[in-house]
Amino acid sequence: MREGALIKSSFFNKPEIPEQESPIWICSQEGICKVWIRENFTFEKIPICPVCGSNMVHGIKVLPVLKNES
Ligand SMILES: [Zn+2]
């Protein structure tokens, strides 16, 4: 029986921010440029990195869910 792990996980009771895997665009200059944009923030078919001007590649990132209040 290892109850330690169980106690530990309930001990860190952070305020709940729902997160989900979200489609994003990441700068193709991996390791050099860390720019990324949420996919629904751009209307380009293949966006260009606003910082270094390289193409961006499609990816997935776990992000806090955006509230859609309009
Ligand atoms: Zn870049």
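Refer to the structure above for everything that follows.
Residues numbered from 1 in each chain as written. Predicted model: local features only at pLDDT ≥ 70, side-chain atom pairs only at ≥ 80, totals over all residues. Heavy atoms only, no water.

## Section: the sheet that holds strand β1 (residues 19-27)
Sheet strands line up and pair through hydrogen bonds in the backbone, either parallel or antiparallel. In spatial order, the strands read β2-β1-β3; together these three strands make up an open sheet with antiparallel pairing. The sheet is open, and its two edges are formed by β2 (36-38) and β3 (56-64), each paired on a single side. Going across the sheet, the axis of each strand differs from the next one's by a mean of 40 degrees, ignoring polarity. Pairing between β1 and β3: nine bridges, direction antiparallel. Each bridged residue has a counterpart across the sheet, and for Gln-20 the counterpart in β3 is Leu-63. (Pairing = 2+ DSSP bridges. Helix = DSSP H or I, 4+ residues; strand = E, 2+ residues; numbered from the N terminus. Axes fitted to C-alpha atoms, helices over the stretch in contact; angles between N-to-C directions.)

## Regarding the coordination of the zinc ion
Tetrahedral coordination by four donors sets the ideal angle at the metal to 109.5 degrees; octahedral coordination by six donors sets it to 90 or 180 degrees. The protein atoms that coordinate the zinc ion are Cys-27 (SG), Cys-33 (SG), Cys-49 (SG) and Cys-52 (SG), at distances of 2.2 to 2.3 Å. Each of the four donor atoms around the zinc ion contributes to a set of angles spanning 97 to 119 degrees, which defines the coordination as tetrahedral. In primary sequence terms, the donor set of the zinc ion follows C-x5-C-x15-C-x2-C. On the basis of relative accessibility, which here comes to 2%, the residue Cys-27 falls in the buried class. Residue Cys-33 is classed as buried on the basis of its relative accessible area of 11%. (Donors = N, O, S within 2.8 Å, 3.2 Å for Na, K, Ca; no water. Tetrahedral: all angles 85-135°; square planar, octahedral: opposite > 155°, others 65-115°. Buried < 20%, exposed > 50% of the residue type's maximum accessible area, 1.4 Å probe, protein only.)

## Some points on the side chain of Thr-42
Note that Thr-42 resides in the loop between β2 and β3. Classification of Thr-42 as buried rests on a relative accessible area of 15%. Here the side chain of Thr-42 touches Glu-44 through a polar contact of 3.2 Å, landing on its backbone nitrogen. Once residues within four sequence positions are removed from consideration, Thr-42 is found in contact with Trp-25 and Pro-47. (Polar contact = N/O pair within 3.5 Å; in protein donor to acceptor, adjacent residues only side chain to side chain. Contact = heavy atoms within 4.5 Å.)

## Thoughts on the side chain of Arg-38
Locating Arg-38 in the fold gives a position in strand β2. Buried charge without a partner: Arg-38 forms no salt bridge, and the closest opposite charge is Glu-19, 8.9 Å away. With sequence-adjacent residues up to four places away left out, Arg-38 is seen in contact with Ser-22, Pro-23, Ile-24, Leu-63, Pro-64 and Leu-66. (Lys, Arg positive; Asp, Glu negative; His and termini not counted. Salt bridge = Lys/Arg side-chain N within 4 Å of Asp/Glu carboxyl O.)

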